[in-house]
Amino acid sequence: MAIALFIATGPNAGQQIPVGTGKMVRVGRTSRAEYAFPDDTYLSGVHFEIGYNEGGCAIRDLGSSNGTFVNGARLEQASVAVSDGDEITAGEMTFLVQVSSSEQPLAAPAAVVAAADAPIVSPERTARMFTPGFEPKALPTALTGEQKRARDILMYQNAPLFAVVDAARDQRLPQLLGMPALRSQPLFASDPAGGGAGHAPILVELGQASSLSERADVHAFLEALLRSGWGRSWGIFLTSLSSLDDLAAHFSGFLLAHRGDERTLHLRLYDPRVLRAFLPTCEPAEIAAIFGPIVSYLIESDRPDTMLALSRGADGLITTRVSLAEQPLQAGAATQ
């Protein structure tokens, strides 16, 4: 069994902190913690500790000024059990607990290591990190009910899941897309002239529910994408039986259209706002070309409590509105 904390938000997003069997790991702002984040002034010098043994994984707040939260609930200074997928919030960062059945450590970028010369902040500064009257910014929260419903719908599709994400939408996306277990492929050449200024669409392979449960990085990426990007037009989801390479070739073939005057027309169909407005105007032949090997597009609608499922019918586009206000799907359920 391997345990790690995946950093989902904050300046170190995309990195992991391994938690060895029988070990206790402390996280904080100074070098008194095994993993130190000196730039996060919302962390206490030694903020929380987490450990793993045969009895399971547990976390304890170490008297921090701003608190440690598990799935939105603030911890006291007693140990609390945590399990796979639980969300820990401390300082400006959100950590996701990752559990792998493998005896090998979870694949990860280089772990954050406390530098030997990390500055030690005075106890007075640690105890009172803010000037009187200063209100810290709101801490990140767990997935909303609508986001959990979207996650469950996406995970339990009848065909493998992919996403096309615009990496230029947020500075955290390139870090998340760099996770080792994540297979992805840019859709445009690195030359800005080939892809439209300010856009960087990347195709990401997410798989199906059975593989998501075995690939902690993929599951963590999906949840981080929903938590921060759902409703903000960061990209689209789709299902297909084709390979990553074949889908990349398909998208590259119609996202860049060449005009008669040799100029390139950039079609931003990986923006859900553009896709949901453009597809209903297309003729059946155009819809067939845009879908190609794609079974369905699953995108956010103009309402936060609704997902759009777009598929191809004999006479054109089929649009299904899926409520995100219902109870989460059970394992094995699927939308058509």
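Since the model is a prediction, treat every value here as computed from it, not as a measurement. Along each chain, the written sequence defines residue order, and numbers are assigned to residues from 1. Selection of residues for local features in this predicted model requires a pLDDT of at least 70, selection of side-chain atom pairs for listing and counting requires 80 or more, and totals for whole chains, interfaces and linings are taken over all residues. Values reported for side chains reflect all heavy atoms of the structure, with hydrogen atoms and water molecules removed beforehand.

Visitor: I'd like a description of the pattern of salt bridges, backed by residues and values.
Guide: Only one rule defines a salt bridge in this text: a Lys or Arg side-chain nitrogen within 4 Å of an Asp or Glu carboxyl oxygen. Across all of its chains, the model carries nine salt bridges by this definition. Two residues, Glu34 and Arg26, come together in a salt bridge whose shortest N-O distance is 3.2 Å. Burial classification: accessible surface area is computed with a 1.4 Å probe over protein chains only, and a residue below 20% of its type maximum counts as buried, one above 50% as exposed, and the rest as partly exposed. Owing to a relative accessible area of 30%, Arg26 belongs among the partly exposed residues under this scheme. Between Arg227 and Glu87 there is a salt bridge; the shortest N-O distance is 2.5 Å. With Arg227 in helix H5 (residues 216-229) and Glu87 in strand S10 (residues 87-90), this pair connects stretches of sequence that are 140 residues apart. Under the relative-accessibility criterion, Arg227 is labelled buried at 13%. In this text, helices come from DSSP runs of H or I with a minimum length of four residues, and strands from runs of E with a minimum of two, each type numbered from the N-terminal end.

Visitor: How would you sum up the confidence of the model for the protein? Please name residues and give values.
Guide: Confidence of the predictor at the level of single residues is captured by pLDDT, which takes values from 0 to 100. A residue-level look at the protein finds 74% of positions with pLDDT of 70 or above and a mean pLDDT of 77. Residues count as neighbours in contact if any of their non-hydrogen atoms are within 4.5 Å of one another. The low-confidence segment residues 257-265, where pLDDT is below 50, has nine contacts with residues more than four positions distant or belonging to other chains.

Visitor: How would you summarise the sheet that holds strand S19 (residues 306-313) if you had to cite specific residues and measurements?
Guide: Two strands pair if DSSP finds at least two bridges between them. Ordered by their spatial adjacency, seven strands build an open sheet running S13-S14-S12-S15-S18-S19-S20, and the pairing between neighbours is antiparallel. Strands at the two margins of the open sheet, each flanked by one partner only, are strand S13 (183-186) and strand S20 (316-323). The average angle at which neighbouring strand axes cross in this sheet is 25°, direction not considered. Two strands pair when backbone bridges link them, and strand S15 (residues 235-240) and strand S18 (residues 294-300) are joined in this way by four bridges, in the antiparallel orientation. Bridging from a neighbouring strand, Thr239 pairs with Ser296 of S18. Axis geometry follows a simple rule: fit a line to the C-alpha atoms, using only the stretch in contact for helices, then measure angles between N-to-C directions, giving values from 0 to 180 degrees. Running over the sheet, H5 touches strand S12 (161-166), strand S14 (201-207), S15 and S18 and is turned about 125° from S14.

Visitor: Just give me the short version of helix H2 (residues 145-155), but keep the residues and values in it.
Guide: Given 3.6 residues per helical turn, the α-helix brings residues three or four places apart onto the same face. Counting buried positions over the 11 residues of H2 gives eight, a clear majority of the element. Among all positions in H2, only Gln147, Arg149, Ala150, Arg151, Asp152, Ile153, Leu154 and Met155 are buried.

Visitor: I'd like a description of unusual backbone geometry, backed by residues and values.
Guide: Even without glycine at this site, Asn71 takes up a positive phi of about 50°. One can find Asn71 in the loop between strand S7 (68-70) and strand S8 (73-74). By relative accessible area, which is 40% here, Asn71 ends up partly exposed. Positive phi outside glycine occurs at Ser233, with the angle close to 60°. With respect to the helices and strands, Ser233 occurs in the loop between H5 and S15.

Visitor: How would you sum up the sheet that holds strand S5 (residues 48-53)? Please name residues and give values.
Guide: Strand order in the open sheet formed by five strands is S4-S3-S5-S6-S9, and the pairing between neighbours is mixed. The sheet terminates laterally at strand S4 (35-36) and strand S9 (80-82), the two strands that pair on one side only. Sheet analysis places S5 next to strand S6 (residues 56-61), joined by six bridges and oriented antiparallel. Paired with Gly51 across the bridge in S6 is Ala58.

Visitor: Which residues make up the nonpolar core, and what are the values?
Guide: The biggest cluster of nonpolar side chains holds 36 residues, and the ones touching the most others in it are Leu206, Phe221, Phe237 and Met307. Broken down by secondary-structure element, the contributors of at least two residues to this core are strand S1 (2-9), H2, S12, helix H3 (173-177), S14, H5 and S19. Take this core: its biggest share by element is seven residues, from H5. The residues touching Phe221, leaving out its near neighbours within four places in the chain, are Val165, Leu176, Leu177, Met179, Leu182, Val204 and Leu206. Among the nonpolar cores identified, the runner-up in size contains 24 residues, and Val164, Leu187, Cys282 and Ile290 belong to it. In these notes, a set of buried Ala, Val, Leu, Ile, Met, Phe, Trp, Tyr and Cys residues joined through side-chain atoms within 4.5 Å is what counts as a nonpolar core.

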